[in-house]
Each structure stands twice: as C-alpha cells, then as structure tokens.
Amino acid sequence: MASQLLLPTNTFTNSSLDKVFVTGDDLTLKRKPNHATRVSYGFSLRANAALNSSHSSYVEVPRQWYNLVADLSVKPPPQLHPKTFEPIKPEDLAHLFPNEIIKQEETLERFIDIPEEVLEIYKLWRPTPLIRAKRLEKLLHTPARIYFKYEGGSPAGSHKPNSAVPQAYYNAKEGVKNVVTETGAGQWGSSLAFASSLFGLDCEVFQVAHTYQQKPYRRLMMQTWGAKVHRSPSELTEAGRRILQADPSSTGSLGIAISEAVEVASRNEDTKYCLGSVFNHVLLHQTVIGEECIKQMEEYGETPDVIIGCTGGGSNFAGLSFPYIREKLKGKINPIIRAVEPSACPSLTKGVYAYDFGDTAGLTPLMKMHTLGHDFIPSPIHSGGLRYHGMAPLVSHIYGQGFMEAISIPQTECFQGAIQFARTEGIIPAPEPTHAIAATIREALRCKETGEAKVILMAMCGHGHFDLASYEKYLRAPTISLCCTAPAPLLPAAPLLLLRVLRSDECWELVQQPVVTIFRISLSTWTWSNMVQPIQEGSAWINRMMYSALDKGHPTFTHFPTKSSFVVSSVRARVQAGIR
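Residues numbered from 1 in each chain as written. Predicted model: local features only at pLDDT ≥ 70, side-chain atom pairs only at ≥ 80, totals over all residues. Heavy atoms only, no water.

Caption draft 1: Region of interest: the overall build of the chain. A count of helical and extended segments in the chain gives 20 helices and 21 strands. For the chain, the residues scored as buried account for 59% of the 580 residues in total. Counting contacts in the chain only where the partners sit at least 6 residues apart, residues at least 24 apart contribute 75% of the total. Summed over all atoms, the accessible surface of the chain reaches about 23,600 Å², with 53% contributed by carbon and sulfur. (Helix = DSSP H or I, 4+ residues; strand = E, 2+ residues; numbered from the N terminus. Buried < 20%, exposed > 50% of the residue type's maximum accessible area, 1.4 Å probe, protein only. Contact = heavy atoms within 4.5 Å. Areas by Shrake-Rupley, 256 points an atom, 1.4 Å probe, with all protein chains shown as cover.)

In structure tokens form, the structure reads like this:
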C-alpha cells in the first residue's frame with residue numbers, strides 16, 4: 001500500500017482551506033477538507049478547543065503592519081546625526097537603507113500594506129500557532145491559563161524572518177546587489193541569509209565571536225543559504241581591528257558586530273545594511289505576530305491579563321505587544337505588559353535613558369534609548385540574541401510613558417523554566433525566550449498563591465535546536481547566574497585631559513540633557529580635529545558614571561551623592577583654546 005505524506009498548505013500547493021496528501025510514486029494529489037484552524041508545518045490549532053469544541057475558523061495572515069507611533073500622543077525623540085547632532089534626515093540614511101525602509105522608519109501612518117511578494121513568502125509558515133500550555137499549567141498546579149504564540153516554525157526557527165523577508169525584498173526591488181548585517185545568536189543572520197537567497201542577493205554576516213564558536217550549526221545554516229559569515233570582531237574592518245588590538249581574545253558583542261557591518265555598507269555603494277532589531281521599521285514588520293494573536297485569542301474567547309516577552313533589542317517583544325497596546329489605548333483591554341531581560345544585560349531595568357550610539361564604534365545615528373553604554377560588552381551568556389547594550393528607542397519610549405513594565409531574570413532560573421517547559425509542552429526553547437518562560441512561571445505561581453485565574457500570554461520566539469550545547473552545560477551542572485556588574489568610572493589617563501571637576505549638584509543638571517548636550521556645555525571652549533572619537537569615549541564614560549551611581553544605592557538619577565562628592569569629566573582632544 002502506498003505511503004501517505006501530509007504536507008502543510010502553503011503557497012506552492014495554492015490552497016488555503018485544504019490539506020494536501022501526496023500518495024505513491026506518481027505523486028497523485030488528493031484533497032481533504034480542513035476542519036481546524038490552519039497553522040504551519042504540521043501544527044493544527046483547534047480554536048476554542050477547550051471552551052467550545054464545535055467552533056473553529058480560519059485565521060489569515062495579516063495584510064498590513066501596524067505602526068504604534070501613529071497612536072502615541074507623545075511621539076518618541078528623533079534620532080540625531082552622529083556629527084551634526086541635528087535630527088536625522090532621510091538622505092542621511094540613504095547610504096545604509098533602501099528608500100522604502102527609510103520611509104517606514106519615519107512614517108506616521110497607522111498601517112502599512114504588506115507587499116504581495118512578501119505575503120506569499122510569509123505563507124510558508126504563517127499564521128503561526130497560538131497554543132495553550134495545559135501540561136505546564138498542570139505541572140505548576142496553577143489556576144492561570146497560559147498561552148504562547150510560537151514563532152519557531154519559520155524556516156530559520158524564530159520570529160526574525162518576519163523582518164528579514166521585507167528588508168531583502170525592498171533592497172532587491174531597488175537594485176541592491178549585496179546586503180550586510182550582524183547577528184548575535186544567529187537567528188537574525190540565518191533569517192537574512194534565507195531571505196537573501198529568495199531574492200538573489202549576496203549576504204554577508206558578522207557573527208558575534210562568542211556565538212560563532214558556541215553555535216556552529218547556525219553558521220552552517222547561514223552558509224547553506226549562501227551567506228558569507230565572519231567572526232566578529234574581525235580583521236576585515238577598522239572597527240574590528242581596533243577592538244582586537246585592545247583585546248585579542250574579545251568575545252564580541254552586537255554593538256561591535258553592528259559597527260563592522262555598518263562600516264562595510266558605508267564604504268561600498270552596491271551594499272546596504274540590514275538589521276534585525278532596535279529600529280522602528282523592524283518593530284513594524286514584527287507586528288504580524290500580535291495582529292494574528294489578537295484574532296486567535298478572540299477565537300479562544302480569551303483576553304490576556306498579562307502579556308510577557310523577552311527583550312534584547314526589542315523586536316520580538318514589540319511584535320507581540322504593540323497591537324495589544326493599540327487596543328489598550330482604545331480602552332478595550334488593560335493587560336499588564338511585561339518585558340523580561342537577562343540580569344547580565346539589563347538595559348531597561350538598570351540602564352540610562354539617554355542618547356547613545358547603536359554600535360560600539362559610533363557609526364550609527366544617536367538614539368534616545370535605555371543603554372548600558374555603547375562600549376558595554378556583556379558577559380558571554382547563552383542568550384546571545386539578548387546581549388545588546390541598548391533597547392529599541394520605541395520600546396524605551398513606551399516604557400517611560402508607562403505602557404509596560406520590565407524585570408530582569410538570571411540565567412539559571414531561565415534554564416530551569418526551559419526544562420520544565422520542554423518536558424511538558426515538548427518544545428525545546430531557544431535561550432532567549434526562556435526569560436519569558438521563567439517570568440510566566442513566576443506569574444503562574446503567584447496565581448496559585450492568590451487563586452486568580454489570570455490569562456497569561458507569552459511570546460515564544462523560537463526553538464533551541466541549535467542551542468543544545470547550552471542545555472548540555474546546564475544539565476551537567478547548574479549554570480552560573482551571570483549578572484551585570486557595572487564597571488567603575490574611568491579615571492583620566494594619558495592622553496586623557498582633565499577638563500574640570502563637577503560638583504554633584506551640577507551632575508543632575510547635566511544628566512537631564514542628552515549626552516551630546518553635555519559635551520556642548522562642558523566643551524564650549526574646545527575645538528576638535530576629530531569630533532567622533534571624543535563623543536564616543538565621553539558618551540561611554542558618562543553612561544558608566546551614571547550607572548555606577550545606581551550600583552551604589554541611588555535608584556534614580558534624581559538622587560546623587562552629597563555635594564562633598566566629585567565627578568571627574570574627561571575627554572580625548574587636541575586643545576586649541578585655553579581652558580576656562
């Protein structure tokens with residue numbers, strides 16, 4: 001008897017309501033009606049299964065991206081040019097991005113149509129499943145109802161293709177031949193490699209050194225899709241060589257890898273830069289997650305009380321939460337929206353909200369965001385995708401506006417939650433969403449104590465099939481909880497020049513200003529032969545100075561040491577005028 005293979009419906013089978021059976025050697029097609037909500041790669045989501053077994057419907061792939069900025073009464077601060085310190089203009093970004101991406105970065109339109117070519121590729125794995133974690137609920141003995149939106153069914157195994165595909169499409173449409181990017185854990189790099197292969201683009205990826213060694217199969221995945229992959233920091237760029245000169249054994253960071261990728265794009269006219277998080281257009285593309293989820297939750301007859309997602313640069317978290325914030329602004333719902341970050345890289349919970357560079361070398365625009373300082377190199381935790389010094393400016397903005405909250409969780413607790421999740425729900429999560437899992441377990445156990453039957457919605461952004469080495473280390477022995485230890489403020493050293501000593505009551509006046517303004521105030525009598533280098537070093541120094549005040553027990557920057565304390569301000573420069 002001929003064997004049967006059940007294939008998921010996709011663009012190649014050209015059917016949205018049938019499942020396709022391939023039977024025998026002649027590949028005769030037979031069709032069977034689909035009585036369940038269609039998801040992808042073999043997942044079938046029976047909507048309302050727990051509440052109303054007779055009700056089911058089809059959830060379509062969203063045809064528009066949602067732009068949260070359009071609905072905010074207080075708009076986020078603009079990006080600043082790294083040399084003029086004026087708000088960035090579209091032409092200032094033309095050497096990095098295609099025109100359509102630049103428009104999306106600055107747009108105030110509420111919805112942006114998704115191109116048909118992008119939709120057709122989305123349908124390879126979208127819509128993605130919304131799953132109720134009943135077995136995890138049972139393990140925890142909680143009255144809470146836990147749902148997770150699973151993005152691990154994409155070709156790259158994470159949410160990252162949601163933005164990689166449109167970025168590759170817009171570049172190809174404008175005749176770009178090469179794209180270059182950075183990647184932390186490898187999800188974004190593999191996603192862009194996949195997308196580039198579909199549109200005939202050459203792809204170059206700078207992968208953070210720590211994960212380049214830790215996750216070789218991610219590298220092989222990128223190479224299989226045709227990408228050229230470099231260990232970062234590398235000898236290929238000035239930014240990389242500078243880091244290696246200072247520390248030949250550098251484990252790298254996303255900030256360093258971004259510097260290298262931006263440098264390559266800036267010096268090659270036929271090359272554009274793509275990035276997988278932080279910028280508004282990336283967060284925009286990811287909103288397909290939340291738009292689908294709203295409809296799927298409606299099919300379950302549920303409204304989330306708590307929405308939880310991990311944050312590194314913010315794309316996955318924004319993708320799920322931004323459409324829900326829209327509904328919250330309308331007064332329809334009022335969920336708690338909680339971001340979860342690693343204790344080893346806590347930009348939201350311990351960072352400074354200030355203008356800073358998005359990369360280590362200071363090549364990107366200055367962005368107002370929660371930052372640990374652009375030269376901050378996090379500990380080599382297993383969650384490589386969360387090892388970024390700053391948070392997306394738009395996520396930082398809504399955090400400051402009170403639309404969400406944030407917590408940090410140590411690595412050990414995250415892996416404990418991941419093991420519980422894998423042994424109940426069957427999915428081995430990537431290290432990044434283990435933070436969301438740990439926070440979800442915390443919330444579910446609180447419900448157990450209070451008796452509240454809350455609905456918890458969690459962003460499950462990818463699988464951990466290429467992260468098993470991390471699980472092996474955890475299973476052998478408990479993973480060390482790597483927490484963020486802020487470096488002490490740098491003291492002046494040759495050829496650093498002491499400008500003057502500031503009283504602590506002056507510090508707060510300066511801290512209220514963007515980093516750039518601090519330099520304008522302090523250095524009004526100075527001229528520069530090179531503006532970028534002192535701004536880079538001074539920005540990093542100020543972030544370290546302010547962050548160290550937190551470590552000394554000052555919870556906010558409105559509380560500083562007494563006036564008897566002093567803060568030293570220093571920069572590297574050539575003095576061409578007297579010191580006032």
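Having seen it, we continue.
Caption draft 2: Here's a closer look at the sheet that holds strand β10 (residues 178–183). Spatially, β12-β11-β10-β13 is the arrangement adopted by the four strands of the open sheet, whose pairing is parallel. The open sheet has two edge strands, β12 (228–232) and β13 (271–273), and neither has a second partner. Recorded for the sheet is a direction-independent mean angle of 25 degrees between the axes of neighbouring strands. Here five bridges tie strand β11 (residues 202–208) to β12, and the two strands are oriented parallel to one another. Paired with Val-205 across the strands is Val-229, a residue of β12. This element, helix α5 (residues 187–199), spans β10 and β11 of the sheet and lies at about 160 degrees to β10. The strands that helix α7 (residues 216–224) touches are β10, β11 and β12; relative to β11, the one it contacts most, it runs at about 170 degrees. (Pairing = 2+ DSSP bridges. Axes fitted to C-alpha atoms, helices over the stretch in contact; angles between N-to-C directions.)

Caption draft 3: Spotlight on helix α8 (residues 238–246). Listed in full, the buried residues belonging to α8 are Ala-239, Gly-240, Ile-243 and Leu-244. Looking straight down α8, one finds that the buried residues subtend no more than 130 degrees of arc, so they occupy a single side. α8 presents Gln-245 and Ala-246 as exposed residues on the side facing more than 90 degrees away from its buried surface. On the buried face of α8, the contacting elements are α9 (254–267). (Arc of directions from axis to C-beta.)

Caption draft 4: Highlighting the sheet that holds strand β9 (residues 145–150). What the six strands build is an open sheet, ordered β8-β9-β19-β14-β15-β18; its pairing is mixed. Whereas interior strands pair on both sides, the edge strands pair on one side only; in this sheet they are β8 (130–132) and β18 (405–409). For this sheet, the mean angle separating the axes of adjacent strands, direction not counted, is 25 degrees. Helix α11 (residues 288–300) rests against β8, β9 and β19 (455–460) of the sheet, and its axis sits at about 140 degrees to β9.

Caption draft 5: Broad picture of the environment of Thr-181. As for its placement among the helices and strands, Thr-181 is situated in strand β10. Separated by 84 residues in sequence, Thr-181 and Ala-265 place their C-alpha atoms 8.9 Å apart. Setting aside chain neighbours within four positions, we find Thr-181 in contact with Trp-188, Leu-192, Glu-204, Val-205, Phe-206, Ala-261, Tyr-273, Cys-274 and Leu-275.

Caption draft 6: Fine view of the packing of aromatic side chains. Per the stated rule, a full pass over the model turns up 12 aromatic pairs. Between Tyr-66 and Phe-111, the aromatic rings sit 5.6 Å apart at their centres with planes inclined by 45 degrees, giving tilted as the arrangement. Here the residue Tyr-66 occupies a position in strand β6 (residues 64–66), and Phe-111 occupies one in strand β7 (residues 111–113), the gap between them amounting to 45 residues. Here Phe-111 falls in the partly exposed class, since its relative accessible area comes to 32%. Each ring, one from Trp-125 and one from Phe-194, has its centre 6.4 Å from the other, and the planes form 70 degrees; the classification is edge-to-face. (Phe/Tyr/Trp six-rings, centres within 6.5 Å; stacked < 30°, edge-to-face > 60°.)

Caption draft 7: Geometry of the confidence of the model for the chain. Across the chain, the average pLDDT comes to 78, with 70% of residues at or above 70. Here residues 1–57 is a poorly scored stretch, pLDDT under 50, and it has 109 contacts once near neighbours within four places are set aside; other chains count. (pLDDT = per-residue confidence, 0-100.)

Caption draft 8: Main features of the pattern of salt bridges. Applying the stated criterion to the full structure yields 21 salt bridges. For the salt bridge of Lys-215 with Asp-467, the shortest nitrogen-to-oxygen distance reads 2.6 Å. Here Asp-467 lies in the loop between β19 and α17 (468–476) and Lys-215 lies in the loop between α6 (209–214) and α7, a separation of 252 residues in the sequence. The pair formed by Lys-215 and Asp-467 is uniform in burial state, with each residue classed as buried. In this structure, the salt-bridge partner of Arg-446 is Glu-443, at a minimum N-O distance of 2.7 Å. Linking Arg-446 with Glu-443, this pair stays in helix α16 (residues 434–450), spanning three residues, or about one helical turn. (Salt bridge = Lys/Arg side-chain N within 4 Å of Asp/Glu carboxyl O.)

Caption draft 9: Local environment of the environment of Leu-445. Tracing the backbone shows Leu-445 in helix α16. Along the chain, Leu-445 and Glu-137 lie 308 residues apart, while their C-alpha atoms are 9.6 Å from each other.

Caption draft 10: Structural context of α5. When the terminal C-alpha atoms of α5 are compared, their 19 Å separation across 13 residues agrees well with the 18 Å that a helix rising 1.5 Å per residue should span. For α5, the tally of buried residues reaches 10 of 13 residues, placing the bulk of the element in the interior. (Expected span 1.5 Å × (residues − 1).)

Caption draft 11: Broad picture of the side chain of Ser-196. Within the secondary structure, Ser-196 is located in helix α5. Ser-196 sits in the buried class, given a relative accessible area of 1%. In this structure the side chain of Ser-196 is engaged in a polar contact, spanning 2.8 Å, whose partner is the backbone oxygen of Leu-192. (Polar contact = N/O pair within 3.5 Å; in protein donor to acceptor, adjacent residues only side chain to side chain.)

Caption draft 12: Representation of the packing of helix α12 (residues 315–329) against helix α14 (residues 393–400) within the structure. Relative to each other, α12 and α14 sit at 45 degrees, their axes nearing to 12 Å. Viewed along their axes, α12 and α14 adopt a mutual orientation that is oblique. In this structure, the crossing between α12 and α14 has a hand that is left-handed. Listed contacts from α14 to Phe-317, Ala-318, Phe-322 and Ile-325 of α12 are Leu-394, Val-395 and Ile-398. (Parallel < 35°, antiparallel > 145°, perpendicular 65-115°, else oblique. Left-handed = near helix turned anticlockwise from the far one by under 90°.)

Caption draft 13: Quick peek at the environment of Tyr-353. Examined against the element boundaries, Tyr-353 turns out to sit in strand β16 (residues 352–357). Judged by relative accessible area, which is 31%, Tyr-353 ranks as partly exposed. Each C-alpha atom of the pair Tyr-353 and Met-391 lies 9.4 Å from the other, and the pair is 38 residues apart in sequence. Beyond its immediate sequence surroundings of up to four residues, Tyr-353 is in contact with Pro-77, Lys-368, Met-369, His-370, Ser-396 and His-397.

Caption draft 14: Layout of the packing of α5 against α7. The geometry of α5 relative to α7 is characterised by a closest axis approach of 8 Å and an angle of 15 degrees between their N-to-C directions. The pairing of α5 with α7 is recorded here as roughly parallel in orientation. Both α5 and α7 take part in a crossing whose hand is left-handed. Across the interface between the two elements, Gln-187, Gly-189, Ser-190 and Ala-193 of α5 pack against Arg-218, Met-221 and Met-222 of α7. Across the contact of α5 with α7, the residue classes tally to three nonpolar, three polar and one charged. (Nonpolar A, V, L, I, M, F, W, Y, C, P; charged D, E, K, R; others polar.)

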